[in-house]
Protein chains: 2
Amino acid sequence: MKFTNPDCLNCSSRAHSLLSCCRASELAHLSETKSCFTYKKGQLIFHEGGKPSGLYCINTGKIKIAKLGSDGKEQIVRLAKPGDLIGYRALMADTNYSASAVALEDAVICFIPRSQFLELISQNVEFAGGLMKLISNALGEAEERMVQMAYKPVRERLAEALLLLQKTYQEREEGDKFTISISREDLASIVGTAKETTIRLLSEFKDEGLITAKGSSITILDHERLYKISHMYD
Amino acid sequence: MKFTNPDCLNCSSRAHSLLSCCRASELAHLSETKSCFTYKKGQLIFHEGGKPSGLYCINTGKIKIAKLGSDGKEQIVRLAKPGDLIGYRALMADTNYSASAVALEDAVICFIPRSQFLELISQNVEFAGGLMKLISNALGEAEERMVQMAYKPVRERLAEALLLLQKTYQEREEGDKFTISISREDLASIVGTAKETTIRLLSEFKDEGLITAKGSSITILDHERLYKISHMYD
DNA sequence: TTCAGAAAATGACATACATCATCTTTTAGG
DNA sequence: CCTAAAAGATGATGTATGTCATTTTCTGAA
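Starting afresh in each chain, residues are numbered from 1 along the sequence in its written order. Here chains are named by letter from A upward and ligands by number from 1 upward, in the order in which they appear as written. Owing to the predicted nature of the model, reporting of local features is limited to residues with pLDDT of at least 70; listing and counting of side-chain atom pairs is limited to 80 or more, with chain, interface and lining totals taken over all residues. Excluded from the side-chain calculation are hydrogens and water; included are all heavy atoms of the structure.

**Student:** How should helix α7 (residues 195-207) of chain A be read in this particular structure?
**Tutor:** Counting along an α-helix, one turn takes 3.6 residues, and residues three or four places apart therefore face a common direction. Spanning 13 residues, α7 of chain A covers 19 Å between terminal C-alpha atoms, matching the ideal 18 Å at 1.5 Å per step. Secondary structure counts use DSSP, requiring at least four H or I residues in a row for a helix and at least two E residues in a row for a strand, with both numbered from the N terminus. Count one or two residues on from α7 of chain A and you reach G209 of chain A, which has phi positive near 75°. Helix span is expected to be 1.5 Å times the residue number reduced by one.

Here you go:
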């Protein structure tokens, strides 16, 4: 659903965004050429296999980037939050999307047309460099997770997933505790395991006093011990 | 061991390299500033955790890029061949190496100092763009393998690994058959499984007439059926 | 508040894969 | 050509995790 274009200059999430390196004139031009949409929880933003026509910049809401495994199971490859760009990999590689993007909660997302994106790259060296850094870091993280999938037991990967959620989505103001609302199914898709296994291990974590859960809300009580579990054999 | 600098202009592997988009003057300058070394089979080129000081361009030989898993097991995250660049991720991300590079056979590799690399990026738009494309593709492949690690059985991943080796290392002139010399241990590190499991499944493949093996040489006989196995449940 | 459908929780069971141990073959150096 | 060490092969066994089935709890719309 079309949304009144927010002004990039005054965007609350600009501070944590790559777009923060743009000049005021560039931002003004962006504000004009982009279009902004609202998405309901669960709604598709772009689809694996689809052709990219531009870049997305998240204004509000949590997003998952996920691939479909051969047997129909889903693997979440990346999480995104306000200020993050999504869809840049396919644009840069000049290929179709290799993953889908879905809103984990109601979201507002700006769409920047391909031409505008390419213009930005060619005219703003900082932006281009920042983008390179972004992709390079993503590659490093993907390779790291690849190793973990190969050799880490599910229990450790689940602990890691919970910490990843906290790292990604905890607001600066919040204190020690962290609560997130995420379905066991999505959590399993981050870990790369079956939903039932995730549920069982979460129950263990509850018994051990590491987390509490009511409904689909999970609260991390003991960050430190979770960290130890996730690095058990290091 | 230091090696007489080969001339980039006449480099036999330049055709398949990103450096092919460089101008003659740039290549001449490269030839001067780079230094070239020989590596013995098994020798380390750069080390996970180490600080990158430049870019490596493979002249001859096969290279593995591998990470150490928490329990000491190795995961090969990428393979490289003559013409390929390695070590660019750490340079671009401005972090330490997140993986090690090791020669799978005797190799000759040129070293391009960081400053020269950065100069090339800033002065040659094509090179910079090609590099972006390179990283973006690597990211796509890494995420794809992450999903496969999560949900594909080892048998299918092994079939895929054999095809990856063929795709990466088969010379254009060779015909249908393809033979490669690789230890069962390295093969297991690509698949992300135990050496014994790899050996057992290779025996199955032999019984089924998909491959033959003598010593550490593996010959792919039936590319097509291997492909089917690797896509069993698609 | 109530009720239906979705999500979470738990149990029973099957199995792919890791691990450890042993034996055989290949490889490389003298 | 021989021999020791490395790599490959194979068997026995345990276990983590997937799958299917059932019950319980949560959630949101009427």
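**Student:** Is there a simple way to explain the protein's contact with DNA strand C in this structure?
**Tutor:** Any residue with a non-hydrogen atom lying within 4 Å of a molecule or strand is treated as near it. Neighbouring DNA strand C are 17 residues; R184 and R200 of chain A together with T193, T197 and R200 of chain B lie closest to it. Each atom of DNA strand C within 4 Å of the protein belongs either to a base or to sugar and phosphate, the latter forming 63%. Under this definition, polar contacts are N or O atom pairs within 3.5 Å; protein pairs additionally need one hydrogen-donor-capable and one acceptor-capable atom, and for neighbouring residues in sequence, both atoms have to be side-chain atoms. The side chain of R200 of chain A places a nitrogen or oxygen atom 2.8 Å from a base nitrogen of DNA strand C. In this structure, R200 of chain B approaches DNA strand C through a side-chain N or O atom, which is 2.9 Å from a base oxygen. Looking at the surface near DNA strand C, the elements that each hand over two or more residues are α7 of chain A together with α7 (195-207) of chain B. Per element, the largest residue contribution to the surface near DNA strand C is five residues, and it comes from α7 of chain A. Gly is put with the polar residues, along with every residue not named as nonpolar or charged; the nonpolar set is Ala, Val, Leu, Ile, Met, Phe, Trp, Tyr, Cys and Pro, and the charged set is Asp, Glu, Lys and Arg. Broken down by class, the residue content of the surface near DNA strand C amounts to four nonpolar, six polar and seven charged.

**Student:** Looking at this structure, I do not really get the relation of the copies chain B and chain A. What am I missing?
**Tutor:** For the pair chain B and chain A, the relating rotation is 180°, the translation along its axis is 0.0 Å, and the fit reaches an RMSD of 0.0 Å. Such values leave the two copies arranged in the relation of a two-fold axis. In this assembly the copies share their binding face: 100% of the residues contributing to the interface of chain B also contribute to that of chain A. Least squares is used to superpose the copies, and the fit set is the C-alpha atoms of residues whose pLDDT is at least 70 in both copies. Whether two residues are in contact is decided by their heavy atoms: any pair within 4.5 Å suffices.

Shape is all these values report; function is a separate question.
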